[in-house]
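Tertiary structure, described
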Amino acid sequence: MEAPAPAGPGGPQPYAPGAAGAPPSLLCRIKGKLFTWNILKTIALGQLLSLCICGTAITSQYLAEKYKVNTPMLQSFINYCLLFLVYTVMLTFQSGSGNLLYILKRKWWKYILLGLADVEANYLIVRAYQYTTLTSVQLLDCFGIPVLMALSWFILYARYRVIHFVAVAVCLLGVGTMVGADILAGREDNSGSDVLIGDILVLLGASLYAVSNVCEEYIVKKLSRQEFLGMVGLFGTLISGIQLLIVEYKDIASIHWDWKIALLFVAFALCMFCLYSFMPLVIRITSATSVNLGILTADLYSLFFGLFLFGYKFSGLYILSFTVIMVGFILYCSTPTRTAEPAESSVPPVTSIGIDNLALKLEENLQETHSAVL
């Protein structure tokens, strides 16, 4: 009988799990796809934006409940003034196509429409709370996400995969869980004075947010972050200032100013300024849709802080809601979308990798190159 061939370069190699060349397990592949450094960084940046929104919600609630101050337009006006003083002034020192005068001569009317959409989106959502219920605002505000996806499809030529629609559905399920927790915890105690008007205001505000976010993504990725923030600061200051004089001059005159109220206004303005300043950075490496999915957790952060500040009741559904939203957000970020060529382009109509979740695709390419070298 022949002796078995020795295991070596010329002989058969025994299979060893985890050995070089062995196919990785399904769990390892999923872990490598969902928990990369860039996805974790995207999650962290998204939650930073959520905390900024949480800061604006808490300061506004303090002003409304403790000091009876309801001036959303004044609060927005201060934020637009800060954007003007930083980014619009910055544009005045730019040269060439990035100069303020150059931009105004060629695109002034476009930025007026953008500023109007941004200002009114903020105002309509806040105003809706006077007419409809908290549940309606939280649910209908999510209407902006499908609107944003549709606008991205037609304007930015974004092309989604099945996993993106599944991820959005998971995130919206998390929002539904949060609303259910609110009802069980007894937070839904305001029936509103005219629910239909309030619901319409929410839908309009969410749609205008979607328009503003799509424009922001286009400008940030095609032009510059400074141009977007500078133009929003300029026209947002003008539009909100005029609207402020029309709708809130009596409310402002009735404020009994002291250092606590002034501090709350400053805190709100700083949180809003940080939100506007950081959001373009996150949109540049991901997309407006993924950012909007990430900031769905902002209401939950407000609820968690409200447990200590406003005496809210805790529900385990809040934890479940947060987990479900984060799972959907991670799923969405795990796969980059594609960008289709415009119809009038001379390039053949074959889709190519777009700039949505660009950092994720770069990491994937680097991993493939590394594997090829090995």
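- Taking an unreviewed UniProt entry as the reference, the protein chain is identified by name as Solute carrier family 35 member F2 isoform X2 belonging to Equus przewalskii.
- Check the Sequence similarities (unreviewed entry) section of the UniProt entry for the protein chain; it says "Belongs to the SLC35F solute transporter family."

**Here's the deal with the overall build of the protein chain**
- Tallying secondary structure elements over the protein chain gives 15 helices and three strands in all.
- A buried classification covers 45% of the 374 residues belonging to the protein chain.
- For the protein chain, restricting intrachain contacts to residue pairs at least 6 apart in sequence, the fraction spanning at least 24 positions comes to 84%.

**With respect to the side chain of Ser 321**
- Relative to the assigned elements, Ser 321 resides in helix H14 (residues 316-334).
- Ignoring anything within four residues of it in the chain, the contact list for Ser 321 reads Gly 174, Val 175, Thr 177, Met 178 and Leu 300.

**What to know about the packing of helix H2 (residues 37-66) against helix H11 (residues 259-285)**
- Orientation of H2 relative to H11, taken along the N-to-C sense of each, is 155°, at an axis distance of 8 Å. Between H2 and H11, the angle is such that the two are roughly antiparallel. Crossing geometry of H2 relative to H11 is assigned as left-handed.
- Class assignment for the residues of the contact of H2 with H11 results in 20 nonpolar, four polar and no charged.

**A few points about the packing of aromatic side chains**
- Across all of its chains, the model carries six aromatic pairs by this definition.
- Consider the rings of Tyr 160 and Phe 165, whose centres lie 5.9 Å apart with planes at 70°: the pair is edge-to-face.
- An aromatic cluster is present here, built from Trp 153, Tyr 160 and Phe 165 joined pairwise through their rings.
- The ring of Tyr 102 carries the charged tip of Arg 106 above its face, separated from the ring centre by 3.8 Å.

**Thoughts on the confidence of the model for the protein chain**
- When pLDDT is averaged along the protein chain, the result is 80, and 78% of the positions lie at 70 or above.
- With pLDDT under 50 throughout, residues 1-20 is counted as low confidence; its partners more than four residues away or in other chains account for eight contacts.
- Between residues 345-374, whose pLDDT stays under 50, and residues either more than four places distant or in other chains, the model counts 46 contacts.

**Quick word on the packing of helix H3 (residues 72-92) against helix H4 (residues 100-128)**
- The N-to-C vectors of H3 and H4 enclose an angle of 160°; their axes lie 12 Å apart at closest approach. For the element pair H3 / H4, the angle class is roughly antiparallel. Between H3 and H4 the crossing geometry is right-handed. Counting all contacts with H3, which are made through Pro 72, Met 73, Ser 76, Tyr 80, Thr 88, Leu 91 and Thr 92, the residues of H4 involved are Leu 100, Ile 103, Asp 118, Val 119, Asn 122, Tyr 123 and Val 126.
- The residue inventory of the contact of H3 with H4, partitioned by class, reads nine nonpolar, four polar and one charged.

**Topic: the environment of Val 69**
- Looking at where Val 69 falls in the secondary structure, it is placed in the loop between H2 and H3.
- Along the chain, Val 69 and Ile 261 lie 192 residues apart, while their C-alpha atoms are 8.8 Å from each other.
- Sequence-distant contacts of Val 69, that is, excluding residues within four places in its chain, are made with Leu 63, Ala 64, Ile 255, Ile 261 and Phe 265.

**Thoughts on the nonpolar core**
- Ranked by size, the top nonpolar core spans 45 residues in total, and within it Leu 83 and Met 231 carry the most contacts.
- The element best represented in this core is H11, accounting for eleven residues.
- Beyond its immediate sequence surroundings of up to four residues, Leu 83 is in contact with Thr 88, Leu 229, Val 232, Gly 233, Phe 273 and Tyr 276.
- Of all hydrophobic cores here, the second largest spans 26 residues; its members include Met 178, Leu 293, Tyr 312 and Phe 329.

**Some thoughts on the pattern of salt bridges**
- Going through the model one piece at a time under the given rule, you end up with two salt bridges.
- In this structure, Glu 227 engages Lys 107 in a salt bridge whose closest nitrogen and oxygen atoms are separated by 2.8 Å. Linking Glu 227 in helix H9 (residues 225-247) with Lys 107 in helix H4, this pair joins segments that are 120 residues apart in sequence.
- The partner of Glu 217 in a salt bridge is Lys 221, and the shortest N-O contact between them spans 3.1 Å. Residue Glu 217 and its partner Lys 221 are both found in helix H8 (residues 195-222); the two are separated by four residues, about one turn of the helix.

**Section: unusual backbone geometry**
- With phi around 55°, Lys 68 is a residue other than glycine that occupies positive phi space.
- Here Lys 68 is to be found in the loop between H2 and H3.
- According to the relative accessible area criterion, Lys 68 is exposed, its value standing at 65%.
- Despite not being glycine, Tyr 157 shows a phi value in the positive range, around 60°.
- You can see Tyr 157 is positioned in the loop between helix H6 (144-155) and strand S1 (158-159).
- We classify Tyr 157 as partly exposed; its relative accessible area is 24%.

**Quick notes on a nonpolar patch on the surface**
- Taken together, the side chains of Leu 51, Phe 305, Phe 308 and Leu 309 define a hydrophobic patch exposed on the protein surface, amounting to about 430 Å² of accessible area.
- Per element, the largest residue contribution to the nonpolar patch is three residues, and it comes from helix H13 (residues 298-309).
- Secondary-structure assignment places Phe 305 in helix H13.
- Classification of Phe 305 as partly exposed rests on a relative accessible area of 39%.

**What to know about the environment of Glu 227**
- For Glu 227, a relative accessible area of 5% gives the class buried.
- Sequence-wise, Glu 227 and Glu 216 are eleven residues apart; in three dimensions their C-alpha atoms are separated by 10.0 Å.
- If sequence neighbours within four positions are ignored, Glu 227 has contacts with Leu 91, Ile 103, Lys 107 and Tyr 111.

Rules used in this analysis
Residues numbered from 1 in each chain as written. Predicted model: local features only at pLDDT ≥ 70, side-chain atom pairs only at ≥ 80, totals over all residues. Heavy atoms only, no water. UniProt positions renumbered as here; feature names shortened; annotations may be inferred. Helix = DSSP H or I, 4+ residues; strand = E, 2+ residues; numbered from the N terminus. Buried < 20%, exposed > 50% of the residue type's maximum accessible area, 1.4 Å probe, protein only. Contact = heavy atoms within 4.5 Å. Axes fitted to C-alpha atoms, helices over the stretch in contact; angles between N-to-C directions. Parallel < 35°, antiparallel > 145°, perpendicular 65-115°, else oblique. Left-handed = near helix turned anticlockwise from the far one by under 90°. Nonpolar A, V, L, I, M, F, W, Y, C, P; charged D, E, K, R; others polar. Phe/Tyr/Trp six-rings, centres within 6.5 Å; stacked < 30°, edge-to-face > 60°. Lys NZ or Arg CZ within 6 Å of the ring centre and 35° of its normal. pLDDT = per-residue confidence, 0-100. Core = buried A, V, L, I, M, F, W, Y, C linked by side-chain atoms within 4.5 Å. Salt bridge = Lys/Arg side-chain N within 4 Å of Asp/Glu carboxyl O. Patch = residues over 30% accessible without salt bridge, like charges linked within 9 Å, V, L, I, M, F, W, Y side chains within 5 Å. Areas by Shrake-Rupley, 256 points an atom, 1.4 Å probe, with all protein chains shown as cover.

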